[in-house]
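Inside the fold
For reference, the chains in residue letters:
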Amino acid sequence: MRSLVSALRVVLVLALGALVVGCEITSSATRPQSQTRPAERNVVLTISPQDGMGPGGGPRALESRAATESLPTRMMVYRVKPADVSRASFESQARRLGFAGKAQELPASFVIADSNASFEVDRATGSFDYTTKGFEKQAQPLKRFLSDEQYRERAETFLNDMDLMPEAAEFRDVNRGNVVSTYENGAWVARPYMVEARFSHKPLAGFAFDKGVGPKVIVQFGEDGRILGAMSVWRNIEPFAEYALKTPEQALDAARNGRAQFFGLDGQSAGTVESISMSYMNDPLGYDQLYVLPFYLLEGSSEDGRGFTGITYAIPDEMLKVESSLVTGPPMSASTTRVTWRVRCVVPWGTPPHTYVSTYQRPSPRVVKCTHVGCESIHSVVAGQMILALAAISVRLVRCQPSK
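I will try to describe carefully the structure that is included in this document. These numbers come from a predicted model, not from an experiment.

Moving on to the sheet that holds strand β16 (residues 236-244). Consider a sheet: its strands pair through backbone hydrogen bonds, and that pairing is either parallel or antiparallel. Spatially, 3 strands are ordered β16-β4-β19 in an open sheet, and the strand pairing comes out antiparallel. At either margin of the open sheet sits one strand with a lone partner, and together these are β16 and β19 (291-292).

Written as structure tokens, this is what we have:
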């Protein structure tokens with residue numbers, strides 16, 4: 001049985017080959033204002049700490065030729081609404097999935113399991129995790145597939161029938177990038193061992209809210225479109241107030257001075273930003289997220305031609321208060337038994353994206369951090385059960401589970 005856990009603090013979709021725009025950064029005075037402007041509350045926003053967002057060394061050099069005329073000067077900040085998860089509502093959902101018996105109440109979630117599957121809902125957010133035994137055993141390449149439209153229809157029917165589809169969700173894509181490689185006739189051949197139908201949050205006032213660890217809902221399929229599991233990382237939100245933003249020039253300066261998180265660009269490299277856009281970000285589970293904030297996304301190419309993505313706060317620093325106590329994590333098992341975990345990281349470059357697997361041993365700490373082949377996972381162990389992880393350089397959900 002898996003357990004919902006904290007994954008990455010921020011995870012980005014790498015957009016390799018961003019559009020190169022041949023113009024210089026222009027004055028922020030010419031940028032358009034947003035149309036809706038509720039009364040500004042001037043409230044300092046309390047946020048959790050993010051890796052790489054503190055002062056420190058940035059890239060060796062960072063230039064920009066991105067167009068910024070269309071970027072806003074103000075954006076809405078959204079407040080997270082507490083989830084209304086009760087034992088009764090959880091057990092009602094569990095009955096739809098075919099579970100009988102009473103739910104087990106844990107400090108952070110409700111959970112129920114039988115010989116065929118397990119189901120868990122995070123009480124703080126309403127995010128869920130449904131796993132069948134078939135998922136745990138799925139490791140071989142699939143032989144029979146459905147069309148993308150068939151996967152979408154089956155996923156939507158399942159989520160709606162089980163009352164698991166969030167109101168603000170919309171279909172995103174079908175992911176066939178979870179692959180396993182076999183050596184055949186002198187060459188490695190990569191084939192999907194699982195297919196995912198993925199749903200993300202509808203845009204917020206025209207701006208993307210689908211980057212990072214969520215919000216997302218995923219249904220996993222095995223042979224012939226059989227449903228193996230489903231999961232979500234989701235928070236319900238409501239408008240809070242509009243805030244003035246840093247200018248793109250200020251965001252670039254922050255990135256140069258280490259107040260940004262980069263993927264594909266380290267402190268020894270130089271890069272050129274070719275595209276600047278706005279996006280909202282969702283914290284992973286295990287973080288007491290109070291607000292959903294806008295971020296600047298910086299996309300471009302390093303001096304060696306590789307694509308990179310950077311993320312930096314769009315809200316001015318004086319309006320943010322970092323509070324480490326918001327990183328709560330899931331309940332910690334008292335056990336210190338060493339468990340072997342198989343970590344699967346999906347690397348987005350290459351055709352198709354490749355899945356690397358590594359195995360390592362750890363005791364059962366609250367938070368474990370490991371790296372492998374360019375992947376970075378942050379995950380937690382709960383009572384020695386299976387856990388959820390995310391590759392830092394990929395939006396794809398990947399799994400960690402005890403090795404046999």
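Structure shown, so let's carry the discussion forward.
Okay, the sheet that holds strand β9 (residues 169-175) next. Strand order across the open sheet formed by 8 strands is β5-β6-β7-β8-β15-β14-β12-β9, with antiparallel pairing between neighbours. Each edge of the open sheet is held by one strand with a lone partner, namely β5 (104-105) and β9. Examined bridge by bridge, strand β7 (residues 117-122) and strand β8 (residues 128-132) share 5 bridges and lie antiparallel to one another. Directly across from Glu120, in β8, lies its bridge partner Asp129.

On to unusual backbone geometry, then. Notably, Ala205 is not glycine yet its phi reads approximately 55 degrees, a positive angle. With relative accessibility at 66%, the residue Ala205 sits in the exposed group. Positive phi, normally seen in glycine, also occurs at Asp224, with a value near 60 degrees. As for its position among the elements, Asp224 is in the loop between β14 (216-221) and β15 (227-233).

We now examine the pairing of β15. Counted residue by residue, β15 has 6 buried out of 7 residues, so it is predominantly covered. Here β8 pairs with β15 via 3 bridges, running antiparallel. From the neighbouring strand, Tyr130 faces β15, where its bridge partner is Ala230. As paired elements, β14 and β15 share 6 bridges and run antiparallel to each other. Across the sheet, the residue bridging to Val217 is Ser232, located in β15. Linking two consecutive strands that pair antiparallel, namely β14 and β15, is a turn of 5 residues; a positive phi of about 60 degrees is found at Asp224 within it.

Attention shifts here to helix α4 (residues 248-256). Within α4, burial applies to Pro248, Ala251, Leu252, Ala254 and Ala255. The buried residues of α4 occupy an angular sector of 160 degrees when the element is viewed end-on, so they sit on one face. Each element contacted by the buried residues of α4 is listed here: β3 (61-64), β17 (261-263), β18 (270-282), β20 (294-302) and β21 (307-313). With its phi angle positive at about 90 degrees, Gly258 sits one or two positions after the end of α4.

Bringing the pattern of salt bridges into the picture now. Applying the stated rule across the entire model yields 16 salt bridges. A salt bridge links Arg87 to Glu91, with the nearest nitrogen and oxygen atoms 3.7 Å apart. With a gap of 4 residues between them, Arg87 and Glu91 both fall in helix α1 (residues 87-96), about one helical turn apart. A salt bridge links Arg152 to Glu156, with the nearest nitrogen and oxygen atoms 3.0 Å apart.

Okay, the environment of Arg60 next. Inspection of the secondary structure puts Arg60 in the loop between β2 (45-47) and β3. Measuring from C-alpha to C-alpha, the distance between Arg60 and Asn257 comes to 9.8 Å, with 197 residues separating the pair along the chain. Excluding residues within four positions of it along the chain, Arg60 makes contact with Asp266, Gly267, Gln268, Ser269, Ala270 and Glu303. Of note is the side chain of Arg60, whose polar atom sits 2.5 Å from the side chain of Glu303.

As a further point, take the pairing of strand β11 (residues 187-192). As paired strands, strand β10 (residues 179-184) and β11 are joined by 6 bridges and run antiparallel to one another. Its bridge partner lying in β11, Val179 is registered against Pro192. The turn joining β10 and β11, which pair antiparallel and follow one another in sequence, is formed by 2 residues; a positive phi near 50 degrees is taken by Asn185.

Rules used in this analysis
- Residues numbered from 1 in each chain as written.
- Predicted model: local features only at pLDDT ≥ 70, side-chain atom pairs only at ≥ 80, totals over all residues.
- Heavy atoms only, no water.
- Pairing = 2+ DSSP bridges.
- Helix = DSSP H or I, 4+ residues; strand = E, 2+ residues; numbered from the N terminus.
- Buried < 20%, exposed > 50% of the residue type's maximum accessible area, 1.4 Å probe, protein only.
- Arc of directions from axis to C-beta.
- Contact = heavy atoms within 4.5 Å.
- Salt bridge = Lys/Arg side-chain N within 4 Å of Asp/Glu carboxyl O.
- Polar contact = N/O pair within 3.5 Å; in protein donor to acceptor, adjacent residues only side chain to side chain.

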